[in-house]
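# Residue-level structure breakdown
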Amino acid sequence: ALKIAVLASGSGSNLQSIIDAVERGSLKADIRLVLCNRSDAYALERAKNAGIPTTTILHADYKSRETFDAAMIEQLQAADVDLVVLAGFMRILTPLFIQTFAGRIINIHPALLPSFKGAHGITDAVKYGVTLAGCTVHFVDEIMDNGAIIAQAVVPFTSEEPVEVVQNRVLKLEHRIYPQVLQWISTGRVTLNGRKVFVQDIGLPKVP
Ligand code: GAR
């Protein structure tokens, strides 16, 4: 099974979707570690409830991003993971971290990249006035929200709907596509070639 670590800062609903997929048997992955940078992250409870080892590394305890990242690298290497899965992890990673796990870090972002990068993808999209919301799973490179795109999903909304409704709708989409992408990776179907990602047998409906 694919050995993964999940990094989260908050609620951990994406972590939960991965745990559920493993428990359902639709994803063969060994979640070896859940790492959080906040002690109040509900993701920690979700991991504990599922019997997954957790580590809390508080970024505030470190003088620099580099020393914080070095502490995370140590834990991730000790956990011997194939893939680092960012799931609502709200810290910018240093080049050292990215290089250490080059091509082996993925992230989910609550917008259709390259639009609405950053920490407020959904509110930025709603404020802009787009009519389709969505999410993106991508490889992580040294530039924030810039790495090669593996999968995207979209959902419509109207201007009358409150942002919370859009947020929920996007989150539900995230919970479908993140475990799906992990399943592709775990079965060796995802190849990264520069900015291009090839997914074997992706099974899209035939379009003219
Ligand atoms: C998700 O919507 C995720 O896409 C977003 O944070 C939320 C975490 O929810 N990530 C980012 O904005 C990264 N820039 P969760 O903790 O319930 O999985």
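Keep in mind that what you see is a predicted model, and the values were worked out from it rather than measured.

A few words on helix α6 (residues 163-186). In an α-helix, one turn spans 3.6 residues; hence positions three or four apart end up facing the same way. Given a rise of 1.5 Å per residue, 24 residues ought to cover 34 Å, and the 34 Å separating the end C-alpha atoms of α6 matches this to within 8%. Taken together, the buried positions of α6 are Val166, Val170, Leu173, Glu174, Ile177, Tyr178, Pro179, Val181, Leu182, Trp184 and Ile185. Where α6 ends, the next residue or the one after it, Gly188, has phi of about 70 degrees, a positive value.

Further remarks concern the layout of surface pockets. Of the volumes computed, that of the largest pocket is approximately 860 Å³. In this structure, the largest pocket is lined by 35 residues; those nearest its centre are Gly88, Phe89, Met90, Ile108 and Pro110. Of all the secondary-structure elements, those providing two or more residues to the lining of the largest pocket are α1 (13-24), β5 (105-109), α5 (121-128) and α6. Grouping the amino acids of the lining of the largest pocket by side-chain chemistry returns 15 nonpolar, 15 polar and 5 charged. Approximately 150 Å³ is the volume found for the second largest pocket. Split by residue class, the lining of the second largest pocket holds 6 nonpolar, 5 polar and 3 charged.

What follows deals with the sheet that holds strand β2 (residues 29-36). The pairing of strands in a sheet comes from backbone hydrogen bonds and takes either a parallel or an antiparallel form. Read across the sheet, 7 strands follow the order β3-β2-β1-β4-β5-β6-β7 without closing on themselves; strand pairing throughout is mixed. Strand pairing shows two members of the sheet lacking a second neighbour, β3 (54-56) and β7 (149-156), which therefore form its edges. The mean inter-strand angle of the sheet, taken between neighbouring strand axes irrespective of direction, is 20 degrees. On top of the sheet, helix α2 (residues 42-49) reaches β1 (2-8), β2 and β3; it is set at about 160 degrees to β3, its chief contact.

Following the UniProt record, one finds the feature "domain: Formyl transferase N-terminal" (unreviewed entry) at residues 3-182. Helix makes up 38% of residues 3-182 and strand 23%. Its end C-alpha atoms lie 11 Å apart.

What follows deals with the UniProt feature "active site" (unreviewed entry) in the chain. Mapped onto the present numbering, the UniProt feature "active site" (unreviewed entry) falls on His109. Examined against the element boundaries, His109 turns out to sit in strand β5. One polar contact links the side chain of His109 to the main-chain carbonyl oxygen of Phe116, over a distance of 2.6 Å.

Looking now at the side chain of Ser13. When you line up the elements, Ser13 lands in helix α1. Polar side-chain contacts of Ser13 include one of 2.8 Å to the side chain of His175.

As enumerated under the stated definition, the model contains 4 salt bridges in all. Asp80 is the salt-bridge partner of Lys3, the closest N and O atoms lying 2.9 Å from each other. Here Lys3 is found in strand β1, whereas its partner Asp80 is found in the loop between α3 (65-78) and β4 (83-86), with 77 residues between them in sequence. Relative accessible area serves as the criterion here: at 40%, Asp80 is assigned to the partly exposed category.

This part covers the site of the ligand. Within the structure, the ligand sits among 13 residues, and Ser11, Gly12, Ser13, Asn14 and Glu174 are positioned closest to it. One nitrogen or oxygen atom from the side chain of Ser11 is found 3.2 Å from an oxygen atom belonging to the ligand. Contact between the ligand and Ser13: an oxygen atom at 2.6 Å from a side-chain N or O atom of the residue. For the ligand, the protein covers 86% of the area, taking 450 Å² as the surface of the free molecule. Here the ligand is seated within the largest pocket. Residue assignment for the shell around the ligand shows that the elements contributing at least two residues are α1, β5 and α6. For the shell around the ligand, a count of residues per class yields 4 nonpolar, 8 polar and 1 charged.

The next subject is the packing of α1 against α2. Between two packed helices, what matters for the description is the angle formed by their axes and the separation of those axes. As a packed pair, α1 and α2 sit with axes 9 Å apart at the nearest point and diverge in direction by 15 degrees. Classified by the interaxial angle, the pair formed by α1 and α2 is roughly parallel. For the element pair α1 and α2, the recorded crossing hand is right-handed. On α2, the residues that touch Ser13, Leu15, Gln16 and Ile19 of α1 are Ala43, Arg46 and Ala47.

Criteria and thresholds
- Residues numbered from 1 in each chain as written.
- Predicted model: local features only at pLDDT ≥ 70, side-chain atom pairs only at ≥ 80, totals over all residues.
- Heavy atoms only, no water.
- Helix = DSSP H or I, 4+ residues; strand = E, 2+ residues; numbered from the N terminus.
- Expected span 1.5 Å × (residues − 1).
- Buried < 20%, exposed > 50% of the residue type's maximum accessible area, 1.4 Å probe, protein only.
- 1 Å grid on protein atoms, 1.4 Å probe; cavity = no way out; pocket = protein on both sides within 12 Å on 5 of 7 lines; lining within 4 Å.
- Points joined across faces, edges and corners; volume = space filled by probe spheres on them.
- Nonpolar A, V, L, I, M, F, W, Y, C, P; charged D, E, K, R; others polar.
- Pairing = 2+ DSSP bridges.
- Axes fitted to C-alpha atoms, helices over the stretch in contact; angles between N-to-C directions.
- Contact = heavy atoms within 4.5 Å.
- UniProt positions renumbered as here; feature names shortened; annotations may be inferred.
- Polar contact = N/O pair within 3.5 Å; in protein donor to acceptor, adjacent residues only side chain to side chain.
- Salt bridge = Lys/Arg side-chain N within 4 Å of Asp/Glu carboxyl O.
- Near = heavy atom within 4 Å.
- Areas by Shrake-Rupley, 256 points an atom, 1.4 Å probe, with all protein chains shown as cover.
- Sits in = over half its atoms within 2 Å of the grid points.
- Parallel < 35°, antiparallel > 145°, perpendicular 65-115°, else oblique.
- Left-handed = near helix turned anticlockwise from the far one by under 90°.

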